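Notes for the structure review
These are the residues of each chain, in order.
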Amino acid sequence: MAAEIEAVPETPVPTQATHETIPAEAPVTAPGVQPERQQTQVPVAPSPLPTEKPAPLPPGLAQSLSRAQAIMDRPAINWPEESRSEEVTPDFYQGIQVTDAMTRSEDPYMRQRALESIQAIDPTQLLPAWNALRDPNPENRMLAIEYLRQAPAESLAKLLLEHLNGPEGAQWTTVLEEPLASLRSTMEPYMIAVLQGGDRPLIEQRIALWSLGRMGSLAALPLLSEGAWSLEPALVEESVYALEALRNTTTVPVWAKLTQHEHYAVRQIAVKNLNTLGGPESFDALAALALGATPIDPILQQDVVRGLTQWPPEETVPLLLQVMHQNPNVRRLVGAYFRQLTGATLPDMAPQWEVYFYGSSESVPGYNDTPQPGLTGNDLLDNVPFVPPGFQPG
């Protein structure tokens, strides 16, 4: 008869972590069956905590981590049930709303990322890039220009019309001074076509003239010159200011002709630009006006002489002596200039000033309006150097 075997309880096993014993429960078994030994899992002691303080975060990193944590804490998007079977993509209009809010951020980097995102979502959305032209950050403005260069010229012209003709038109005229020069390759052909058509609304023609001037479009010079003689006063005004915005010596012949324009304001602007641009052609045109060879009203003739006094005296003194002889309307003005130039107290009489400057009237080099061989333009002193007595250039 087999002896009945009693279950032997397991010996408690000490643990490394707590050095305590863990009692094992005695399983209930049938008579004559040896119970299986159960393994007791030994917990691992936790790693000791660091005693050194962590290094401080670099400036700005703590704020960035805080922003990242805020984004991670946002609730998940509940996509529509019908879209779960397809690839999940962000909602287009929701993306536009987010990027639109980013464009108004105070962080220039955030505004730049917004502009890039909008171009990636929909390259036909030009308004954000257009608005970025007045971004205070120069890198963002250059990025906007790069995007707008790829846009259709007609779309850019539409934006230009809306903004220049809108309530903030005066501000946009200042904002667009620089960017339009960078957009010339895109917009110049379209704007020239607007003027050549002749059937566009007046406001479109005015904006085309204004834009071509700010672009520095020399290709449009014939059209700008033609517009300055238009019967429409608004086109005359825009054409004249567009010519002035070119700031190029190739416009000198145009300004010389415009000194005979029927409107006094145009003649005045023409004289001012001849003095500003300088060069032999400008000097010849001003000399003809000062001498009376080219008809001009007396008041504007005085403006011509005042402008000539800003040129180097070695160029203007011989001419102004001749003007003093021939044009009594500006004689007193020339005398005042001579007295200011030299400190002498001579009257407004050309012979006395001729003696003062050159020793005698016969020694005065006359103004020669015939180009001399080997010289560029008109040599006003017959290649004779001139230094007024007692005059020290500043």
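For the structure itself, consult the block above.
Residues numbered from 1 in each chain as written. Predicted model: local features only at pLDDT ≥ 70, side-chain atom pairs only at ≥ 80, totals over all residues. Heavy atoms only, no water.

A few words now on the overall build of the protein chain. Within the protein chain, the regular secondary structure consists of 19 helices and two strands. Scored against the burial criterion, the 394 residues of the protein chain give a buried share of 36%. If you take every contact in the protein chain between residues at least 6 apart in sequence, the share linking residues at least 24 apart comes to 57%. For the protein chain, the accessible area works out to roughly 24,700 Å², and carbon and sulfur atoms hold 55% of it. (Helix = DSSP H or I, 4+ residues; strand = E, 2+ residues; numbered from the N terminus. Buried < 20%, exposed > 50% of the residue type's maximum accessible area, 1.4 Å probe, protein only. Contact = heavy atoms within 4.5 Å. Areas by Shrake-Rupley, 256 points an atom, 1.4 Å probe, with all protein chains shown as cover.)

Once that is clear, we can look at helix α17 (residues 313-326). Counted at 1.5 Å a residue, the expected span for α17 with its 14 residues is 20 Å, and the 19 Å between its end C-alpha atoms agrees. Restricting attention to buried positions, one finds in α17 the residues P313, T316, V317, P318, L319, L320, L321, V323 and M324. Of the surrounding secondary structure, the elements contacted by the buried residues of α17 are α15 (280-291), α16 (298-308), α18 (331-342) and α19 (350-358). (Expected span 1.5 Å × (residues − 1).)

Scanning the entire structure with this criterion turns up nine aromatic pairs. Both rings, one in F283 and one in W311, keep their centres 5.0 Å apart while their planes meet at 70 degrees; by these two values the pair is edge-to-face. On the criterion of sequence distance, the pair formed by F283 in helix α15 and W311 in the loop between α16 and α17 is long-range, its members being 28 residues apart. With a relative accessible area of 11%, W311 lands in the buried category. Between the aromatic rings of F338 and F357, the centroid separation amounts to 5.1 Å while the plane-to-plane angle is 75 degrees, which identifies the pairing as edge-to-face. Here F338 is found in helix α18, whereas its partner F357 is found in helix α19, with 19 residues between them in sequence. The exposure class of F338 is buried, given its relative accessible area of 0%. What makes F357 buried here is its relative accessible area of 7%. Clustering of aromatic rings is evident, with ring pairs tying together Y337, F338, W353, Y356, F357 and Y358. Above the plane of the ring of Y109 lies R113, whose end atom (NZ or CZ) is 4.3 Å from the centre. (Phe/Tyr/Trp six-rings, centres within 6.5 Å; stacked < 30°, edge-to-face > 60°. Lys NZ or Arg CZ within 6 Å of the ring centre and 35° of its normal.)

Another aspect to go through is unusual backbone geometry. Although it is not a glycine, R247 adopts a positive phi angle of roughly 50 degrees. Structurally, R247 can be placed in the loop between α12 (233-246) and α13 (252-258).

Now for the environment of L274. Counting through the fold element by element, L274 comes out in helix α14 (residues 264-277). On the accessibility criterion, L274 (0% relative accessible area) is buried. When the C-alpha positions of L274 and L286 are compared, they lie 7.3 Å apart, and in sequence the two are 12 residues distant. Apart from the residues within four sequence positions on either side, L274 is in contact with V252, W255, A256, T259, S282, A285, L286 and W311.

Bringing the layout of surface pockets into the picture now. Within this model, the largest pocket holds a volume of roughly 350 Å³. Lining the largest pocket are 16 residues, and of these T103, L127, P128, N131 and A132 lie nearest its centre. Going through the elements one at a time, α2 (92-103), α3 (108-121) and α4 (127-131) are the ones with two or more residues in the lining of the largest pocket. The element best represented in the lining of the largest pocket is α3, accounting for four residues. Across the lining of the largest pocket, the residue classes break down as seven nonpolar, five polar and four charged. (1 Å grid on protein atoms, 1.4 Å probe; cavity = no way out; pocket = protein on both sides within 12 Å on 5 of 7 lines; lining within 4 Å. Points joined across faces, edges and corners; volume = space filled by probe spheres on them. Nonpolar A, V, L, I, M, F, W, Y, C, P; charged D, E, K, R; others polar.)

Among soluble globular proteins, nonpolar side chains are generally buried collectively. Core analysis: the biggest nonpolar cluster contains 81 residues, and W130, L176, L243, L308 and F338 have the highest contact counts within it. Looking at this core, the element that brings in the most residues is α15, giving seven residues. Ignoring anything within four residues of it in the chain, the contact list for L176 reads W130, L133, L160, L164 and W210. (Core = buried A, V, L, I, M, F, W, Y, C linked by side-chain atoms within 4.5 Å.)

Here we take up the packing of helix α6 (residues 153-164) against helix α10 (residues 202-215). Interhelical geometry of α6 versus α10 gives an angle of 100 degrees and a closest axis separation of 11 Å. Viewed along their axes, α6 and α10 adopt a mutual orientation that is roughly perpendicular. Listed contacts from α10 to L160, L161 and L164 of α6 are I203, E204, I207, W210 and S211. For the contact of α6 with α10, the residue count by class is six nonpolar, one polar and one charged. (Axes fitted to C-alpha atoms, helices over the stretch in contact; angles between N-to-C directions. Parallel < 35°, antiparallel > 145°, perpendicular 65-115°, else oblique.)

We now examine the packing of α10 against α12. The geometry of α10 relative to α12 is characterised by a closest axis approach of 7 Å and an angle of 10 degrees between their N-to-C directions. When the interaxial angle is binned, α10 and α12 end up roughly parallel. As for how α10 packs across α12, the hand of that crossing is right-handed. Counting all contacts with α10, which are made through L202, Q205, R206, L209, W210, L212, G213 and R214, the residues of α12 involved are A234, L235, E238, S239, Y241, A242, A245 and L246. A breakdown of the residues in the contact of α10 with α12 according to their chemical character gives 10 nonpolar, three polar and three charged. (Left-handed = near helix turned anticlockwise from the far one by under 90°.)

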